[in-house]
Amino acid sequence: MSAKLIDSFEFCRQKKQQSGQTAIAEMARLSAELTDSQGELRWSLTGGQHPSGLPQLTLEVAGEVRLMCQRCLTPYALPIATHTVLVLARDDVHADETEAMLDDDRIDVIVGTTALDVLALVEDDALLALPLSPRHATCPDGAAAVVVNDKKESPFAVLKKLKS
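Residues numbered from 1 in each chain as written. Predicted model: local features only at pLDDT ≥ 70, side-chain atom pairs only at ≥ 80, totals over all residues. Heavy atoms only, no water.

### A word on the pattern of salt bridges
Here is step 1: Under the definition given, this model contains five salt bridges.
Here is step 2: A salt bridge links D36 to R66, with the shortest nitrogen-to-oxygen separation between them at 3.6 Å. Taken together, the residues span a long stretch of sequence, with D36 in the loop between α2 (28–31) and β3 (40–49) and R66 in strand β4 (residues 55–68) at a distance of 30 residues.
Here is step 3: As a salt-bridge pair, D104 and R106 come within 2.9 Å of each other at their nearest N and O atoms.
Here is step 4: Through salt bridges that share partners, R29, E123 and D124 make up one connected network. (Salt bridge = Lys/Arg side-chain N within 4 Å of Asp/Glu carboxyl O. Helix = DSSP H or I, 4+ residues; strand = E, 2+ residues; numbered from the N terminus.)

So this is what it looks like as structure tokens:
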């Protein structure tokens, strides 16, 4: 994957915007998780400022990837559409302080650099959008999730049955 480097702080200060399309085949880490590397991801990166005054990047990634269903073991298409807010910090210590200050699970804090690889950021976002256990909502062969009831009956319920 060819790098697309930006100065993240300057990008935010100037409120720049970049967008593009990247072939999934160019993303080695993402491709390793998929059944094939066909298709591409569309992305958009916008710089700006968080209400707290800190530099902020907004990343949107969209596309479709092909995963292996863990239930029926057939490939299926998963649409990806993410919207990620990244607040920039100067270093790891500042990142931890900023994360604690913001206390918002919808916002990620990262260390900004003068050579931030946008395509690596896009790939990271796509990887984070993948499910832990990929599977169809309903498998094509009709296989459904088998619910196993391992819950033991209460001893009081057993006594109640014995009484009647």
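### Regarding helix α3 (residues 92–102)
Here is step 1: By the burial criterion, the buried members of α3 are H94, A95, T98 and L102. The arc that holds the buried residues of α3, viewed along the axis, is 100°, so those residues lie on one side. Relative to its buried face, α3 has exposed residues pointing more than 90 degrees away, namely D92, V93, D96, E97 and A100.
Here is step 2: Where α3 is buried, its residues meet β5 (75–89) and β6 (107–111).
Here is step 3: Two or three places before V93, at the opening of α3, D91 has a side-chain oxygen 3.2 Å from that residue's backbone nitrogen.
Here is step 4: After α3 finishes, the residue D103 shows a positive phi value of roughly 45°. (Buried < 20%, exposed > 50% of the residue type's maximum accessible area, 1.4 Å probe, protein only. Arc of directions from axis to C-beta. Contact = heavy atoms within 4.5 Å. Polar contact = N/O pair within 3.5 Å; in protein donor to acceptor, adjacent residues only side chain to side chain.)

### Here's the deal with helix α4 (residues 118–129)
Here is step 1: End to end, α4 covers 17 Å across 12 residues, agreeing with the expected 16 Å (1.5 Å per residue, within 8%).
Here is step 2: Here α4 has its buried residues at V118, L119, A120, L121, V122, E123, D125 and A126.
Here is step 3: Looking at where α4 begins, the residue whose side-chain oxygen comes 3.2 Å from the main-chain nitrogen of L119 is D117. (Expected span 1.5 Å × (residues − 1).)

### Points about the pairing of β5
Here is step 1: Note: β4 against β5, 13 bridges, orientation antiparallel. What sits directly across from V61, in β5, is T82.
Here is step 2: The loop that links β4 with its antiparallel partner β5 comprises six residues; one of these, L73, has a positive phi angle of about 60°.
Here is step 3: Here β5 runs beside β6; their pairing, made up of five bridges, is parallel. From the neighbouring strand, V87 faces β6, where its bridge partner is V109. (Pairing = 2+ DSSP bridges.)

Limitation: the analysis is restricted to geometry and does not speak to function.
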